[in-house]
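# An overview of the molecular structure
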Number of protein chains: 4
Amino acid sequence: MTDYPPIGEQLDDLEAAREEGRRKMEWAAQHMPICTRLREEYEEEQPLEGQRIGMAMHVEAKTAILVETLAEAGAEVAVTGCNPLSTHDDVSAALDSHDSITSYAKRGVDDEEYYQAIEAVISHEPTVTVDDGMDMIAAIHEDHPELIEGILGGCEETTTGVHRLRAMDADGALEYPVFAVNDTPMKRLFDNVHGTGESSLASIAMTTNLSWAGKNVVVAGYGYCGKGVAKKAAGQNANVIVTEVEPRRALEAHMEGYDVLPMAEAAEVGDVFLTTTGNRDVIVEEHFPEMKDGVLLANAGHFDIEIDLEALDDLATERYEARDGVEAYVMDDGRRLNVVAEGRLVNLAAPVALGHPVEVMDQSFGVQAACVRELVESKAYGPGVHDVPDELDKEIAEIKLEADGVSIDSLTDTQTEYMGSWEHGT
Amino acid sequence: MTDYPPIGEQLDDLEAAREEGRRKMEWAAQHMPICTRLREEYEEEQPLEGQRIGMAMHVEAKTAILVETLAEAGAEVAVTGCNPLSTHDDVSAALDSHDSITSYAKRGVDDEEYYQAIEAVISHEPTVTVDDGMDMIAAIHEDHPELIEGILGGCEETTTGVHRLRAMDADGALEYPVFAVNDTPMKRLFDNVHGTGESSLASIAMTTNLSWAGKNVVVAGYGYCGKGVAKKAAGQNANVIVTEVEPRRALEAHMEGYDVLPMAEAAEVGDVFLTTTGNRDVIVEEHFPEMKDGVLLANAGHFDIEIDLEALDDLATERYEARDGVEAYVMDDGRRLNVVAEGRLVNLAAPVALGHPVEVMDQSFGVQAACVRELVESKAYGPGVHDVPDELDKEIAEIKLEADGVSIDSLTDTQTEYMGSWEHGT
Amino acid sequence: MTDYPPIGEQLDDLEAAREEGRRKMEWAAQHMPICTRLREEYEEEQPLEGQRIGMAMHVEAKTAILVETLAEAGAEVAVTGCNPLSTHDDVSAALDSHDSITSYAKRGVDDEEYYQAIEAVISHEPTVTVDDGMDMIAAIHEDHPELIEGILGGCEETTTGVHRLRAMDADGALEYPVFAVNDTPMKRLFDNVHGTGESSLASIAMTTNLSWAGKNVVVAGYGYCGKGVAKKAAGQNANVIVTEVEPRRALEAHMEGYDVLPMAEAAEVGDVFLTTTGNRDVIVEEHFPEMKDGVLLANAGHFDIEIDLEALDDLATERYEARDGVEAYVMDDGRRLNVVAEGRLVNLAAPVALGHPVEVMDQSFGVQAACVRELVESKAYGPGVHDVPDELDKEIAEIKLEADGVSIDSLTDTQTEYMGSWEHGT
Amino acid sequence: MTDYPPIGEQLDDLEAAREEGRRKMEWAAQHMPICTRLREEYEEEQPLEGQRIGMAMHVEAKTAILVETLAEAGAEVAVTGCNPLSTHDDVSAALDSHDSITSYAKRGVDDEEYYQAIEAVISHEPTVTVDDGMDMIAAIHEDHPELIEGILGGCEETTTGVHRLRAMDADGALEYPVFAVNDTPMKRLFDNVHGTGESSLASIAMTTNLSWAGKNVVVAGYGYCGKGVAKKAAGQNANVIVTEVEPRRALEAHMEGYDVLPMAEAAEVGDVFLTTTGNRDVIVEEHFPEMKDGVLLANAGHFDIEIDLEALDDLATERYEARDGVEAYVMDDGRRLNVVAEGRLVNLAAPVALGHPVEVMDQSFGVQAACVRELVESKAYGPGVHDVPDELDKEIAEIKLEADGVSIDSLTDTQTEYMGSWEHGT
């Protein structure tokens, strides 16, 4: 154990914090039927008994339900944040008050403390790691290789993390099995399409007091996130314009009935611009002079480099906070270009933003919990990045359907046989 | 003049308030092209020169643009609030600093002050009144009948106000002309359908952190507001269920592809309930026991009597604040029914709510400004409630289209003649 | 009685024709629950006993169900066509074989026979008339004024007919009461929006073998028909472009998320053009040179004068039948502009077209049947055009809801009182 | 060469047939910009010079454009039908009149002639085969193994064909390379979603004269075809109900806002049933007794075994042709269940059906043409089933975008590098 204290030893009004944290978690749990159901099952079966789980996640109400689920399944859990600004101290305190959970997450810590907290989690000698950006896996591989032998495996939630892990894997540097939770259909379809789509648009509407009806909404990128944003914006009666670099995705958008334009042309007609590409330099110097007065610029992609704010700042003669969460850049001809949430992920960084909806996190975290169990029970996975097994992903879908009161059919033997024989050419 | 002081004499840090108020107004103005255009025109033409306008409105940024527009048109304007909780003091202060505007609106005043402020406005001896709930018209008719002779007319913004004015008119008690601004197509179609629809759903999403996709959303009432809520919810991938009492509206919803059910059946399957009827007792005692755990109950209609909260409270064994803006009522079987914003208008009363979007208020207020001008210039209207002249409503539509860069066709002489001759049977 | 023979005396293989006619009627009846329900009720109650009904309608399967319903209600019915090309002889024969029905409708008759058939109907001395284009009313007023005294009233189905009747009425020339069936919400919302929308698009698709996805579909006119076409085209993933002359309707289309353009600009980008204005000269000489190669031009409005085919023909260097129902006009630069169904109403005139869907005609004809009963039972209507009474329209909606298995709520006494008191200003 | 004569030697009025065939092809070509563009390019470059191509396809206008494209590229083409009922003799004659094309396809041939025609094609000793159901590949492998050495490869269009080829491949029995054209994104997304969706619904509407608005439309299966049918039905204001056996697809449908039910429950509420599963026994004996009077049953999947018509026939007390293309099965309680197009693929087998829309076939056939060229030019593919190279699929998308006037962005070097570095973990 390190000397870095858990949050329970750092807060002043601990009891009040715990209570508020529990209130937030109760709300989340109420709308997380998958995790709730797994928790009941795991509490009964104790599949994680004897395991120690080390986690680095956004410590807020939704994640806390996952943490608790793992603890109730019999594990000792040590957790810290994966971003110093996303931690809710009250939720962290509520978690830390659980007998089997130690939480080191604290909002606003400096770099040194941030890494001390990770070290503190590692000092618990985890047998399983759960990451949201691979901080834990990286620290163990770099600084604590002696622990690797005792580790059954890990889970990684993010696109970025999975990309990096695949690179490590390709280099032969990844020394234990990790599930690419990000890549399952259960996450991509729901988290990206519905989660990002709805929460980004609602965050912008409630930051600006503006309406979508009749607006030209330029969606940069037509991957899963872009599809979600486009679909939900059209569903609010916006006129959607898509920009793309991949011809088949562009064609998909075109056949969906959207306008598809290069950004240089979209810049002239757009009222709102939303980047979702995961790339950099999507809206740049040449585009700003073409834009109309009063446009909104926002990002629903990943990093805050999709819109080139430095170039915009250079072009601007003045800059002022037009509203909480909206910075207006005034051009020399008087046009005002309004950047929402500093071009950072708008559904997280806008002042009113709440991150992804509870229900979609329930699906991701349900997969996470099932993956941890799989690592513990199967012990069959070698070092490297592994896709989440199809069966496990389906199981989570079944739980969600049941929770929402939806029944479905199943194949008869004759049907299964027919599909099989089809495969075999008869 | 009364002794009741304008806001400029009531605030401590006046300069800061004015600046913040102006910042809010600038944002609104940036997205109110109709009022902006009328302001430019009126500034030039001074059609309201010599008029005194008395207003009782929600004094916040959007309304302030209307107030300023009237002042720039040459009028002296005195204004106060129409609801003690909707005033933004900073906006009120910014208005009051205008040479031709006196603002008495102050947030949180008590009943006595509220009516003193109305009296203060009346003491300016208005020649035109502008109301949002007919407070001004009522006070003048009841307590200052001597002023009526000098009044050219009034405008009324709300459904409620217009209903009451029509009743006064029917009783022969309305002694000057009033335009029913609420009833124009320009207001109904856009304000109710798009404005209420979008802002209600976004307010709920950002209060609860929940998602619409796959939810059973019960919309009570399929008038203009109900249509807007249903359409926008379906556009976010909700499964919409409509309840109605009028068979043709019910059939319209059914032919749109929505499920139509009596509330007793909808109660069993709904995940979210949104009332939009303008009536009382829409969700009542008998419905609560049928509801699922975790449902949301909200109102987008008018008063907070659409959901019978007293009955709900009687049924509940416990009540707690589940989130800011959400009160959970716990039933004896453990189910939690979550009431959003105390069952008051959710797009105004939720903690994050911002009221109607800026753009739809621009349309309503554009009609208001044009009506005031019409009253002043025409002088042809007798006492009673008058529909907004079609031509005037169209003019506002034309300005909006132009502002949004939309051009349209016009009839050729041959076409006009053809349509006319059609009317005459040839 | 005139000498003009009913269809039963004109056909060769009468029995086969009757059987085929009955088969068509059975299909229609199967999907006309409103008329079926009214027929059962009327058969029992015989409200039309002793009446003689003269009708001029499109004699095909759907109308035949209305004719039969009136006969089963106790009336003697004489019927002829309202357009020589829309009659199905087999259906006419099937009707004529009914004891209380005489049908004079025959496909392809010449002008003389057409009017002889109308005279033949009038020779039955009708007490009630039912028109689809006011042929019967006109003939009686002009040539048989002596019958007017004995006539209780009439019904008129079409927009055109109602327009002309209102003109007659304004001139004091209409001498008996006529219900404007066309103008009820039950007809406008469903017939125009859903009926015209769906059947026009399906007729075009099945005439051309083309797809809607990703097409620029220009809808001229945004009245009820235009709204229907636009909505259904967008629902097939077309990119909808609206042209309009009325600014509020244009704004409505714009706020719905459609592109709104003048026809001169729409001409350059459209892939398919559909006129729905009811006016003339909507697509004219100046537009054709701007159009892309391979465009489709079709009309879902009223007459075949919305697209100026003469001008197009003058511009064309060649003309050929590109497909059944599609005429290609070749421009001097080689572009081919394809006119569908000769610019006549596409859901009637295309080779595969079947007219309006059965279900929407059921609604219109249900209103017709109820109006005939109302004329007979009330006897309270004076000469002139009358709106269909609200209650009657609602009743038909209720029958349709019941037939589709949809239940709705009704107002409690408290609610009725609340809405009433609201009206009275308390 | 065999003795089986090409169509040019079999028809009586050859010239008229050729003309009509050419007219049909001209219409198709007008709306097939991809094939048209490739034809121009290939005509110039002659990439297939010296090749002999043997094809077994549906010989109708759209396919004919592909055949011609390959011939214009320098190849000798011999073609026959892949189904005796899908051949258009006039199109076949028009093809056969081309110098480099011999067409043996004739409508309505018996089994013996059908296989003689395949032999006739094979007698041309093809160097490349193009199949729509692998008839050609199978015949060559079984009866003409001596030709395999000279064959560069083949293309297969259908799901069924590709499945069987993969089985052959797995057994080591496939002796030359074959491209799985069916499996490209360009085919799946557009052909299945938009093509099947739109054409199935339009075929049903124009066969039955019924409307979609307000109908409960049960879509069995939520794969690509099911998604298309559901989306387009919802876009016509149907209330969509999905049945599924795979939980993740069921969840996808649920989150889209559709009702998801087991077939046993859907049977009770559906108005229209459309199977799209590719499996057998989807609607069976137990479901028919639950259905409402007047329902429609249709298939948009593959074979006519999705609806168990034998069981339906056993249950029926009577059967009659309710309309062209609609067979009514009368149950003993009088309910009528209406089977459209005998439960065969409704967009092909309904009397008015035209198959897939021209534009989607343009995309599939564009991929086909490019694949043939790739086989000829690359010569790098070993025996077995091969995915269509990504680059080639993209190229077709680019041509389509260009033809539709759509421009898109391309990655800058910095962006490409950024995406690359991301992949490598930096």
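What counts and how
- Residues numbered from 1 in each chain as written.
- Chains lettered and ligands numbered in written order.
- Predicted model: local features only at pLDDT ≥ 70, side-chain atom pairs only at ≥ 80, totals over all residues.
- Heavy atoms only, no water.
- Helix = DSSP H or I, 4+ residues; strand = E, 2+ residues; numbered from the N terminus.
- Expected span 1.5 Å × (residues − 1).
- Contact = heavy atoms within 4.5 Å.
- UniProt positions renumbered as here; feature names shortened; annotations may be inferred.
- Least-squares fit on C-alpha atoms with pLDDT ≥ 70 in both.
- Salt bridge = Lys/Arg side-chain N within 4 Å of Asp/Glu carboxyl O.
- Buried < 20%, exposed > 50% of the residue type's maximum accessible area, 1.4 Å probe, protein only.
- Nonpolar A, V, L, I, M, F, W, Y, C, P; charged D, E, K, R; others polar.
- pLDDT = per-residue confidence, 0-100.
- Pairing = 2+ DSSP bridges.
- Axes fitted to C-alpha atoms, helices over the stretch in contact; angles between N-to-C directions.
- Domains from an automatic or database assignment.
- Buried area = accessible area lost by both parts, 1.4 Å probe.
- Polar contact = N/O pair within 3.5 Å; in protein donor to acceptor, adjacent residues only side chain to side chain.

The terminal C-alpha atoms of helix 15 (residues 390-403) of chain C, which comprises 14 residues, lie 20 Å apart, in line with the 20 Å expected from a rise of 1.5 Å per residue. Close packing links the buried residues of helix 15 of chain C with helix 10 (247-255) of chain B together with helix 2 (33-45), helix 8 (185-208) and helix 14 (358-378) of chain C. Positive backbone phi, at 75°, marks Gly-405 of chain C, one or two positions downstream of helix 15 of chain C.

Let us now look at the UniProt feature "domain: S-adenosyl-L-homocysteine hydrolase NAD binding" (unreviewed entry) in chain A. Residues annotated in UniProt with the feature "domain: S-adenosyl-L-homocysteine hydrolase NAD binding" (unreviewed entry) correspond here to residues 192-353 of chain A. Helix makes up 34% of residues 192-353 of chain A and strand 22%, whereas the separation of the span's terminal C-alpha atoms amounts to 16 Å.

Let us look at the relation of the copies chain A and chain C. Mapping chain A onto chain C leaves a residual RMSD of 0.1 Å; the transformation is a rotation of 180° accompanied by 0.0 Å of translation along its axis. The relationship between the two copies is best expressed as a two-fold rotation axis. Both copies share a contact surface, since 100% of the interface residues of chain A are interface residues in chain C too.

Bringing the pattern of salt bridges into the picture now. Residues and elements named next belong to chain D. Per the counting criterion, the structure on display carries 133 salt bridges over all chains. As a salt-bridge pair, Glu-20 and Arg-23 come within 3.1 Å of each other at their nearest N and O atoms. In this pair, Glu-20 and Arg-23 both sit in helix 1 (residues 14-30), 3 residues apart, roughly one turn of the helix. Assessed through its relative accessible area of 18%, Arg-23 is described here as buried.

Turning our attention to the interface of chain A and chain C. Contact residues are listed per partner, giving 10 residues for chain A and 10 residues for chain C. When grouped by side-chain class, the residues that make up the side of chain A that touches chain C number 3 nonpolar, 5 polar and 2 charged.

Glancing now at the confidence of the model for chain A. Residues and elements named next belong to chain A. Confidence in the prediction for chain A averages 94 pLDDT; 98% of positions are at 70 or higher. In the predicted structure, residues 422-426 sits below a pLDDT of 50 and forms 11 contacts with residues beyond four places in sequence or in another chain. With pTM at 0.94, the complex prediction returns an ipTM value of 0.93.

What follows deals with the relation of the copies chain A and chain D. For these two chain copies, the linking operation is a rotation about an axis paired with a shift along it. With an RMSD of 0.1 Å, chain A superimposes on chain D once it is rotated by 180° and translated 0.0 Å along the axis. When the interface residues of chain A are mapped onto chain D, 100% of them again lie at the interface, so the same face is used by both copies.

A word on the sheet that holds strand 3 (residues 101-103) of chain D. All names here are of chain D. Pairing in this open sheet of 7 strands is parallel, and the strands run 3-2-1-4-5-6-15 from one edge to the other. The sheet terminates laterally at strand 3 and strand 15 (384-386), the two strands that pair on one side only. Shown here is a sheet whose adjacent strand axes are inclined to one another by a mean of 20°, direction ignored. Where strand 2 (residues 76-81) meets strand 3, 3 bridges bridge the pair, whose relative direction is parallel. Bridged to Ala-78 within strand 3 is Thr-102. Its contacts with the sheet put helix 5 (residues 111-122) on strand 1 (52-57) and strand 2, and the angle it makes with strand 2 is roughly 170°.

All names here are of chain C. With respect to topology, 7 strands assemble into an open sheet ordered 3-2-1-4-5-6-15, the strand pairing being parallel. Looking along the sheet, the strands with just one partner apiece sit at the ends: strand 3 (101-103) and strand 15 (384-386). Neighbour-to-neighbour, the strand axes of this sheet turn through a mean angle of 20°, independent of strand direction.

Let's shift gears to the domain arrangement of chain A. Residues and elements named next belong to chain A. Along its sequence, chain A is organised into domain 1 (7-187 + 356-403) and domain 2 (194-349). Put simply, the middle of domain 1 and the middle of domain 2, counted by C-alpha atoms, are 33 Å apart. Tallying the contact residues gives 4 residues for domain 1 and 5 residues for domain 2. Summing both partners gives a buried area of about 440 Å² for domain 1 against domain 2, and 61% of it is carried by carbon and sulfur. Considering only the side of domain 1, the residues that lose the most area to domain 2 are Thr-160, His-356 and Pro-357, jointly responsible for 72% of the buried surface there. Linking domain 1 with domain 2 are 0 salt bridges, by the criterion used here. Applying the counting criterion to the domain 1 and domain 2 interface returns 2 residue pairs in polar contact (both at pLDDT 80 or more). Its residues placed into classes, the side of domain 1 that touches domain 2 shows 2 nonpolar, 2 polar and no charged.

Below, the discussion takes up helix 14 (residues 358-378) of chain B. All names here are of chain B. For helix 14, which comprises 21 residues, the first-to-last C-alpha distance of 30 Å matches the rise-based estimate of 30 Å (1.5 Å per residue) to within 8%. Taking burial as the measure, the 21 residues of helix 14 include 18 buried ones, the bulk of the element. The first or second residue beyond helix 14 is Lys-379, which carries a positive phi of 55°.

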